[in-house]
Amino acid sequence: MPHDDPDISVAGPPPSEPAKSDDEERAAAAPGDSREPVRPTRGDGRKPARPARSDGQEPAETPVPELQAPPLKEVGAAYISWMMIANFGASLALMVPLSYSLALRISELAPGREELLGYVTGSAQFVYLLLSPLIGFWSDRTRSRLGRRTPFLVVGTALGVVALFGISVVPTVFLVGVTWVVGMIGWSTAGQAIQNVQADRVPEEQRGRVSALTSVTSQVAPVVGIGIAYAVASSALLVFLVPGVLGAVLLLLFPLFKPEGDSRELVRTSDVTLKGLFASYGFDPRRYPDFGWNWLGRFVFFMGLYFNTTFGTFFYAQRLDLPIKEVAGVVATVGTIGILAAAGGAIGGGFLSDKLGRRKLFTLIGSTIFVAGAVVEAFAHSLPQLVVGAVLMQLAIAVFSAVDQAIVFAVLPDRAQAGRYLAVVAFAQKIPSAIAPLIAPLIITIGAAGGEKNYTQLYLSGAVLALAGGLIIKFKVTSVR
């Protein structure tokens, strides 16, 4: 009888190959996974006996992994669209405070103390940095009706909304900092859940384009969010809540329309141990050199990036001689112009890297364009110059981020533990985001005259670091073209 499904064969396995049981099929390596297929465990947790070797020697035991990943299958346009919407929501809720509203709130509570912004954002990043591997470790092992990632998306979103409300009403910078720690944990956990789903579901041949499309939403979201915040800037409460609530709604639509699925049947062969928890904070770079070199390249690139973005609000205010409150309009205008550049860079880089099968070239191109933008901004003292520099930097960040995200998925040591390893990858971004705001205040005061901060030196330092990051990935990662 004819069969309509090309993935299902109507004929049984050949006589020389016995049919596999359901348990064996589930334990086989996922499509696209180059690691050796994993033997299933018995109901009592022990490994079944392996067939004897023809030479009569006892065969070596193959270790059973701690976790089994769900299978990889090509995802459709609707799934990608909802993932993009959720990523937009996460970026909107997280980046608007980092890019604008926290600076506005701190300037209201402590006028003239702009360095406090670095301490507030850096401290929150540091706390999340300590917790993120544990959150990823826990996420990998979560077995629930909602899946592995959805519970973290929902709880993180709820924490983020509560924190934004708190920041808008607390009376001191210290309490703003404490509350933002909760907000950072919440929104970052929700955003990381989207990245984990991407690693769980998207096969290699789609990773460049999916990373590109989600990268575009990450670039566009802060621009849209700052425009929204500027429209309600007369109310401290609305500046935080409107972008935050909108981001929360968009995040929660993803599991509502594209549920992750029950994860209770996924294999888990070991319990959580204290040793395992400590191990989740790192990896062996000698065993996984490409993962290590890519991590280092990302670290150096993002250190340069955060040098040049942390004080963006104050930078524009100084260079254009504007009050802080009016900077949102300039940032939104500059960002809007850069949206097309960011979209073109991410989509062009991501899609071309899939088509050509080359990733590292595009990360180096992104780093080089970033240098050009940073140099322009370093010496800019007019709006047109700032626009040119900002557009180049948005283009560069989009190209680099989209393609390097695909490299990350390709060099993950174990896709079944995507939450753990992506949290370690996040160190390469979170450590710079915590350190750069603490170092940058020192750089901008070197050679400063009067009230003018030395942003030229800061932006040039960022350019050097960004280029170094691209070069590390291009010449040291060997398993990816």
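Predicted model only: the values in this text are computed from it and were never measured. Just so you know, the residues in each chain are numbered from 1, in the order the chain's sequence is written. Predicted model: local features are reported for residues with pLDDT of at least 70 only, side-chain atom pairs are reported and counted for 80 or more only, and whole-chain, interface and lining totals are derived from all residues. Each side-chain value is worked out from all heavy atoms of the structure, with water and hydrogens disregarded.

Student: Explain unusual backbone geometry to me, please; I cannot follow it from the model alone.
Tutor: Most peptide bonds adopt trans geometry, and most residues besides glycine take a negative phi value. Phi angles above zero are rare outside glycine, and Asp321 is one such case at about 55°. Numbered from the N terminus, helices here are DSSP runs of H or I no shorter than four residues, and strands are runs of E no shorter than two. Topologically, Asp321 is positioned in the loop between helix H10 (312-320) and helix H11 (324-356).

Student: How do you make sense of a nonpolar patch on the surface when you look at a structure like this?
Tutor: A patch consists of residues whose relative accessible area exceeds 30% and which take part in no salt bridge; residues with like charges are grouped when within 9 Å of each other, and nonpolar side chains (Val, Leu, Ile, Met, Phe, Trp, Tyr) when within 5 Å. Shrake-Rupley sampling with a 1.4 Å probe provides the accessible areas, and residues are treated as covered by the protein chains on show and by no other component. Any carboxyl oxygen of Asp or Glu that lies within 4 Å of a side-chain nitrogen of Lys or Arg is treated as forming a salt bridge with it. Taken together, Phe165, Val169, Leu237, Leu238 and Val242 make up a surface patch of nonpolar side chains, about 380 Å² in accessible area. Among the secondary structure elements, those contributing two or more residues to the nonpolar patch are helix H4 (150-169) and helix H7 (236-257). At three residues, H7 tops the list of elements feeding residues into the nonpolar patch. With respect to the helices, strands and loops of the structure, Phe165 is situated in helix H4.

Student: Looking at this structure, I do not really get the packing of aromatic side chains. What am I missing?
Tutor: Each aromatic ring pair is described using two quantities: the centre-to-centre distance and the angle formed by the ring planes. Centre distance within 6.5 Å is the pairing criterion for rings of Phe, Tyr and Trp, where only the six-membered ring of Trp is used; planes under 30 degrees apart are then read as stacked, over 60 as edge-to-face, and the remainder as tilted. Enumeration over the complete set of coordinates arrives at 15 aromatic pairs. Summarising the aromatic geometry, the rings of Phe301 and Phe400 are spaced 3.8 Å apart at their centres and angled 10° between planes, so their arrangement reads as stacked. Separated by 99 residues along the polypeptide, Phe301 in helix H9 (residues 289-307) and Phe400 in helix H13 (residues 383-411) bring together distant segments of the chain. Relative accessibility thresholds used throughout: buried, under 20% of the residue-type maximum; exposed, over 50%; partly exposed, between the two (1.4 Å probe, protein chains only). Phe400 gets classed as buried once you look at its relative accessible area, which sits at 0%. When the ring of Phe315 is compared with that of Tyr455, the centres are 5.4 Å apart and the planes differ by 70°; the resulting orientation is edge-to-face. In this pair, Phe315 sits in helix H10 while Tyr455 sits in helix H15 (residues 455-476), placing the two residues 140 residues apart along the sequence. The two residues Phe315 and Tyr455 agree in class, both being buried.

Student: Just to check I follow, could you spell out the packing of helix H6 (residues 204-231) against H13 for this structure?
Tutor: Relative orientation and spacing of two packed helices are given, respectively, by the angle between their axes and the distance between those axes. Put simply, H6 and H13 touch, their axes get as near as 8 Å, and they point 140° apart. In terms of orientation, H6 and H13 fall into the oblique class. Along this stretch, H6 crosses H13, giving a crossing that reads as right-handed. Along the contact surface, H6 presents Glu204, Arg207, Gly208, Ser211, Ala212, Ser215, Gln219 and Val223, while H13 presents Gln394, Ile397, Ala398, Ser401, Ala402, Gln405, Ala406, Phe409 and Ala410. Structural elements are reduced to axes, namely lines fitted to C-alpha atoms, with helices fitted over the stretch in contact, and the angle between N-to-C directions of any two is expressed from 0 to 180 degrees. Small angles under 35 degrees read as roughly parallel and large ones over 145 as roughly antiparallel, with 65 to 115 read as roughly perpendicular and the rest as oblique. When the near helix sits turned anticlockwise from the far one by under a right angle, the crossing is termed left-handed; a clockwise turn instead gives a right-handed crossing. Here, two residues are considered to be in contact whenever any of their heavy atoms come within 4.5 Å of each other.

Student: Would you explain H15 in this entry?
Tutor: An α-helical turn contains 3.6 residues, so a residue and the one three or four places further along point in the same direction. Expected span, for any helix, means 1.5 Å times one less than how many residues it has. End to end, H15 covers 32 Å across 22 residues, agreeing with the expected 32 Å (1.5 Å per residue, within 8%). Of all the residues in H15, the buried ones are Tyr455, Leu458, Tyr459, Gly462, Ala463, Ala466, Gly469, Gly470, Ile472 and Ile473.

Student: Would you mind going over the pattern of salt bridges with me for this structure?
Tutor: A pair can form between side chains of opposite charge whenever their charged atoms are brought close. The tally for this structure, following the rule as stated, stands at 11 salt bridges. Here Glu108 and Arg105 are joined by a salt bridge, their closest N and O atoms 3.3 Å apart. Residue Glu108 and its partner Arg105 are located together in helix H2 (residues 77-109), separated by three residues, close to a single helical turn. On the basis of relative accessibility, which here comes to 35%, the residue Glu108 falls in the partly exposed class. With a relative accessible area of 10%, Arg105 lands in the buried category. For the salt bridge of Arg359 with Asp354, the shortest nitrogen-to-oxygen distance reads 2.8 Å. Overlapping salt bridges, with partners in common, bring together Glu204, Arg207, Arg209, Asp354 and Arg359 in one network.

Student: It is not clear to me how the side chain of Gln192 should be interpreted in this structure. Could you clarify?
Tutor: Considering the arrangement of structural elements, one finds Gln192 in helix H5 (residues 173-201). Residue contacts for Gln192: discarding those within four places in its chain leaves Tyr128, Leu422, Ala423 and Ala426.

Student: Just to check I follow, could you spell out the nonpolar core for this structure?
Tutor: Nonpolar side chains in soluble globular proteins generally cluster together in the buried interior. Ranked by size, the top nonpolar core spans 127 residues in total, and within it Leu102, Trp180, Leu251, Phe370, Leu412, Tyr455 and Leu458 carry the most contacts. When residues of this core are assigned to their parent elements, the largest contribution, 16 residues, is made by H2. Sequence-distant contacts of Leu458, that is, excluding residues within four places in its chain, are made with Phe307, Asn308, Ala440, Ile443 and Ile444. As used in this record, nonpolar core signifies buried Ala, Val, Leu, Ile, Met, Phe, Trp, Tyr and Cys residues forming a set joined through side-chain atoms within 4.5 Å.

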